[in-house]
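# Per-entry structural report
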Amino acid sequence: MIGANDKFSKIGFVLAMAGSAVGLGNAWKFPTMVGNNGGSAFIILYLALTFCVAFVAFLGEAAIGKLGESDLVHSLFKLAPKHKKQWSLAGFFMIGAVLIASFYMVVIGWILYYIIISFGSLPADTSAAGALFGGLISSDITSVVLCFSAVFFVVFYIVSRGIKNGIERLNIWMMPTLFVLLLLMLFYSFTFGEGFLKAAQFLFVPNFSKISGELVLQALGLAFFSLSMGVGAVPTYAASLPDGTNLIKSTLSIIFINIFIGLMMGLVVFTFIFAYGADTAQSGPGLIFVSLTTLFAKLGIVGNILAICFFVSLLFAGITSAISMIEPFAFYLINQFKFTRAKALVLIGIFTYILGIFSALSFYAPTADSFSLFGKSVFDALDYLTSNIMMPVGAIIFSFFVGFVLNKEALNILLGRFMGRAFFELWYFAIRYVVPVAICAIGIYQIVG
Ligand code: PHE
């Protein structure tokens, strides 16, 4: 179904998939959760779960895409030996990705705002920084909507150019630039000496007393969110893989890039935090938009430059993820209804834009009360629904499909030749039993615990 010219190159696929994985999850959720949970113990858990559960499931999702070579709904339809219609319905979990995109682009909008203000003077103390951020989201709705709209247009414009000319092209320069910016900041962090050492110790010296059931849950949730699983991004990109790609090698590269960038972000953020004695247990916006901005302000002009580098790298990480949330459903609409790319994107765009505005309004003081769902702001409700429900449930369904429905021989041909028979059998066992049991155990714990 995909024209020959709309496939990724091998490196394009790795960078685009890494671009999808590396996002606000790494920049924001990762350091926040590490900070709240005492550092290295959480990282060890996260790494273990990434390799034992998320990696296994990721390969499964990629296999669905590559073997189906179509959008998720049609791939499931094609690959299921019976009950084709029912299985194809599971493809609609990709709506989860569109829901994520709506509030995710609001956050990228805040980041854009912070890039702009980083050219001027930054707030000098925590209370001023807190007031600035609080003021932005609760009373400056014009700036929030303008920045969100700018991000929205960029993201949709890139997706409108298609896989090769839009998504691959963007990732191929944005991802290395992001990496270089982070490296520069990391080098600068070295100059902090003690602050850097404290950060490294915080991140790398294990403290197992912190590990608890709740922590396992959070670490797995983060591993899935961070690898863009359960909502169609992985199978959709994998559908445009060139033939003969070594999926194991590509997946490992993607996972390593994702972990590496997460750790680099963590080192940079915590070096600043430790060097200035700020609190490590700040939550999301607190850590990035409040603590860090105050610290940048202390460094004068260097601080401005660092702030710009930091927020630009966040902007890039966010944009490359957001495009991977829109592409799956766009691809489906194009295949199913023979829509042009533009028409599909206008439809998705209207929906996403309205929801994004609702999310923004759910923080805006005058409208906050009207934009709440189940006692949460629209923003938090959407985050909860997608991260805690749709992604794990989607991941379980796709793993079950790969483990029990999909033809084992086809999987062996796709994966076995790169991993050898013994590893293939181990992986097959893990996707059938380890992945669902891990996700269910955690789900049950969440409900009962
Ligand atoms: N992995 C992205 C991040 O860490 C989020 C994402 C979720 C991207 C779902 C695509 C699909 O920010």
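Below, the structure is looked at part by part. (Residues numbered from 1 in each chain as written. Predicted model: local features only at pLDDT ≥ 70, side-chain atom pairs only at ≥ 80, totals over all residues. Heavy atoms only, no water.)

### Examining the site of the ligand
The condition that has to hold: The rule for a residue being near a molecule or strand is that one of its heavy atoms must lie within 4 Å of it. Nitrogen and oxygen atoms within 3.5 Å of one another constitute a polar contact, given that in protein one can donate a hydrogen and the other can accept it, and given that sequence-neighbouring residues count only through two side-chain atoms. Here the Shrake-Rupley method, with its probe set to 1.4 Å, supplies the accessible areas, and only the displayed protein chains count as covering residues. Side-chain classes are defined by residue name, with Ala, Val, Leu, Ile, Met, Phe, Trp, Tyr, Cys and Pro counting as nonpolar, Asp, Glu, Lys and Arg as charged, and the others, Gly among them, as polar.
The ligand sits among 16 residues. The nearest are Ala21, Leu24, Gly25, Tyr104 and Phe225. Taking Tyr104, its side chain carries an N or O atom lying 2.5 Å from an oxygen atom of the ligand. In this structure, a nitrogen atom belonging to the ligand sits 3.1 Å away from a main-chain N or O atom of Ser226. Contact with the protein chains hides 100% of the accessible area of the ligand, taken as 320 Å² for the molecule alone. Here the shell around the ligand is composed, by residue class, of eight nonpolar, eight polar and no charged.

### Comments concerning the environment of Leu146
Rules: Only DSSP runs of H or I with at least four residues qualify as helices, and only runs of E with at least two residues qualify as strands; both kinds are numbered from the N terminus onward.
The topology assignment puts Leu146 in helix α8 (residues 141-160). When the C-alpha atoms of Leu146 and Tyr113 are compared, they prove to be 9.2 Å apart, with 33 residues separating the residues in sequence.

### Considering the pattern of salt bridges
We count it as follows: Salt bridges are identified by distance alone: a Lys or Arg side-chain nitrogen within 4 Å of an Asp or Glu carboxyl oxygen.
Per the counting criterion, the structure on display carries nine salt bridges. Across the salt bridge formed by Asp383 and Lys29, the nearest N and O atoms sit 3.5 Å from each other. Taken together, the residues Asp383 in helix α17 (residues 378-405) and Lys29 in helix α2 (residues 24-36) connect sequence positions 354 residues apart. Between Asp243 and Lys66 there is a salt bridge whose closest N-O contact spans 2.8 Å. Placement of Asp243 in the loop between α12 (233-238) and α13 (247-275) and of Lys66 in helix α3 (residues 40-68) is noted, with a sequence separation of 177 residues between them. What you see here is one network of salt bridges that share partners, running through Lys7, Lys66, Glu69 and Asp243.

### Things to note about α13
What counts is decided by this rule: Multiplying 1.5 Å by the residue count of a helix minus one yields the expected span of that helix. Exposure categories follow from relative accessible area, calculated using a 1.4 Å probe and restricted to protein chains: below 20% of the type maximum is buried, above 50% is exposed, and the middle band is partly exposed.
With 29 residues, α13 ought to run about 42 Å at 1.5 Å a step, and its terminal C-alpha atoms sit 42 Å apart, in line with that. For α13, a buried count of 21 out of 29 residues is recorded, marking the element as mostly surrounded by other parts of the structure. Capping of α13 at its N-terminal end is provided by Asn246; its side-chain oxygen lies 3.1 Å from the backbone amide nitrogen of Ile248.

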